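Working through the structure, step by step
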Amino acid sequence: MEPQLSWYLALSAVLFTIGVTGVIIKRNIIAMFMCIELMLNAVNLTFVAFSSFFQDVTGQLFVFIVMTVAAAEAAVGLGIIISIFRNRETLDVDEASILKL
Amino acid sequence: MLALLFILFAGMAIGCALGVVAQRNPLYSAISLIGVFVSLACLYVMLAAPFIAAVQVIVYAGAIMVLVVFVIMLLNVEEEEHRRTRLKFLLPVAIGLSAIFIAEVAFILMTVAPTRVTPATAGTSVGVTHSIGSQLFTQYLLPFEITSILILMAIVGAMTLARRGGLLSSAARVVPGAAQLPLSLVDPAVGHEDTRAITAESTAEAAHLLGVDQPSKRD
């Protein structure tokens, strides 16, 4: 039996939901960041699945661009995390509730 | 056969994703996340997208996760401690809402007829580097260029955020004499409430204190 398109979409939905749950329940800012990466990857799986099942390369180009955006996000996000840690000596998001470094 | 492979890799992905959320130590979360990326790369190979699979391993599991692990090591993150849960009265509401959500998903899976599309097989030219490159540099050239500008902005932003001190330009000159400067000029980590000051007798000494030391021409 061949894997159907709906299987991939279901897997992607499960991964995305796990990522959302992690962003909500985690308090460590690095762990929240990794859960955001997980959500991005779930969306990438959807793109590649549609691209493969409809024989269209556009979806894979989107994945390529999503990956570069994720890399830029990683650089800036980790810069912000280091800056917060330098000022507050903690990575707890509840401690960083003021919109000011 | 392919279905078995799918179940294997999907199970690996879901298990590692649960590990990312369940682990209390961020380093273990990062390693679980690498497991998710690798199993997703295997699924991409099954979907006849070898280029995206390779980029997934190189960029995600390689570059981005090395950066994350590096920051975890640099900041010496402690494990999350257990805390009492706040807003306990929301727990039954959450269970009810998630039950409704699961019921909706099950309803859709039952009623909507699945589409009969066949996936690309290994012999197709959809996912190979040639087709991706030719599309990326012809039809989708504008998004590509915009992405490069985005990365340039990210580089500048990351450098601005992460640099320490250096707020005073090297062209600044302190008037010779007993100049009093707030300590926050030298060390931005010190808040503005801190009223301690540094004292310098000459420009060279002030430059040394401010960390903008350089062989000066006059003085």
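Some points on the overall build of chain A
When its secondary structure is counted, chain A shows three helices and zero strands. Mapped in sequence order, the helices and strands of chain A form the string α-α-α. Against the 2.2 N^0.38 benchmark of 13 Å for 101 residues, chain A shows a C-alpha radius of gyration of 17 Å, more extended than a compact globule. Considering only contacts within chain A whose residues lie at least 6 apart along the sequence, 42% involve residues at least 24 apart.

With respect to the nonpolar core
Among the nonpolar cores identified, the biggest contains 60 residues, and Ile30(A), Met34(A) and Leu38(A) are the most heavily contacted of them. Taken together, the elements giving at least two residues each to this core come down to α1 (5–25), α2 (29–53) and α3 (58–88) of chain A together with α1 (2–22), α2 (26–46) and α3 (50–75) of chain B. Looking at which element gives the most residues to this core, the answer is α2(A), with 12 residues. Excluding anything up to four places from it in sequence, Leu38(A) contacts Leu15(A), Ile18(A), Gly19(A), Gly22(A), Ala17(B), Val20(B), Leu33(B) and Val36(B).

Here's the deal with the interface of chain B and chain A
Contacts between the two partners involve 59 residues from chain B and, on the opposite side, 55 residues from chain A. Among the elements of the structure, α1, α2, α3, α5 (129–136) and α6 (141–162) of chain B are those that each provide at least two residues to the side of chain B that touches chain A. In terms of residue count, α3(B) provides more of the side of chain B that touches chain A than any other element does, 11 residues in total. Considering only residue class, the side of chain B that touches chain A consists of 50 nonpolar, eight polar and one charged.

Considering helix α4 (residues 90–111) of chain B
Between its first and last C-alpha atoms α4(B) spans 32 Å; for 22 residues at 1.5 Å apiece the expected length is 32 Å, and the two agree. Counting buried residues in α4(B) gives zero out of 22 residues, a small share hidden from the surface.

As for the environment of Leu15(A)
Looking at the element boundaries, Leu15(A) is found in helix α1. Considering only alpha carbons, one finds Leu15(A) and Asn41(A), 26 residues apart in sequence, at a separation of 8.3 Å. Excluding residues that lie within four positions of it along the chain, Leu15(A) makes contacts with Leu38(A), Asn41(A), Ala42(A), Ala13(B), Ile14(B) and Ala17(B).

Structural notes on the packing of α3(A) against α6(B)
Between α3(A) and α6(B), whose axes approach to 9 Å, the crossing angle comes to 10 degrees. The angle between the axes of α3(A) and α6(B) places the two elements in the roughly parallel class. For the pair formed by α3(A) and α6(B), the contact residues are Ile65(A), Thr68(A), Val69(A), Ala72(A), Ala75(A), Val76(A), Gly79(A), Ile80(A), Ile82(A) and Ser83(A) on the first element and Pro143(B), Thr147(B), Leu150(B), Ile151(B), Ala154(B), Ile155(B), Gly157(B), Ala158(B), Leu161(B) and Ala162(B) on the second. Split into classes, the residues belonging to the contact of α3(A) with α6(B) amount to 15 nonpolar, five polar and no charged.

Thoughts on the confidence of the model for chain B
Residue and element names in this part refer to chain B. Across chain B, the average pLDDT comes to 80, with 71% of residues at or above 70. Per-residue pLDDT, averaged within each element of chain B, yields its smallest value for strand β1 (residues 179–182) (61) and its largest for α2 (94). Low pLDDT (under 50) marks residues 166–171, which in the prediction has six contacts with non-local residues, meaning those over four places away or in another chain. Interface confidence in the predicted complex, given as ipTM, is 0.93; pTM for the same model is 0.77.

Rules and cut-offs
Residues numbered from 1 in each chain as written. Chains lettered and ligands numbered in written order. Predicted model: local features only at pLDDT ≥ 70, side-chain atom pairs only at ≥ 80, totals over all residues. Helix = DSSP H or I, 4+ residues; strand = E, 2+ residues; numbered from the N terminus. Rg over C-alpha atoms; globule rule 2.2 N^0.38 Å. Contact = placed C-beta atoms within 7 Å. Core = buried A, V, L, I, M, F, W, Y, C linked by C-beta atoms within 7 Å. Buried ≥ 20, exposed ≤ 12 C-beta atoms within 10 Å, placed from the backbone. Nonpolar A, V, L, I, M, F, W, Y, C, P; charged D, E, K, R; others polar. Expected span 1.5 Å × (residues − 1). Axes fitted to C-alpha atoms, helices over the stretch in contact; angles between N-to-C directions. Parallel < 35°, antiparallel > 145°, perpendicular 65-115°, else oblique. pLDDT = per-residue confidence, 0-100.

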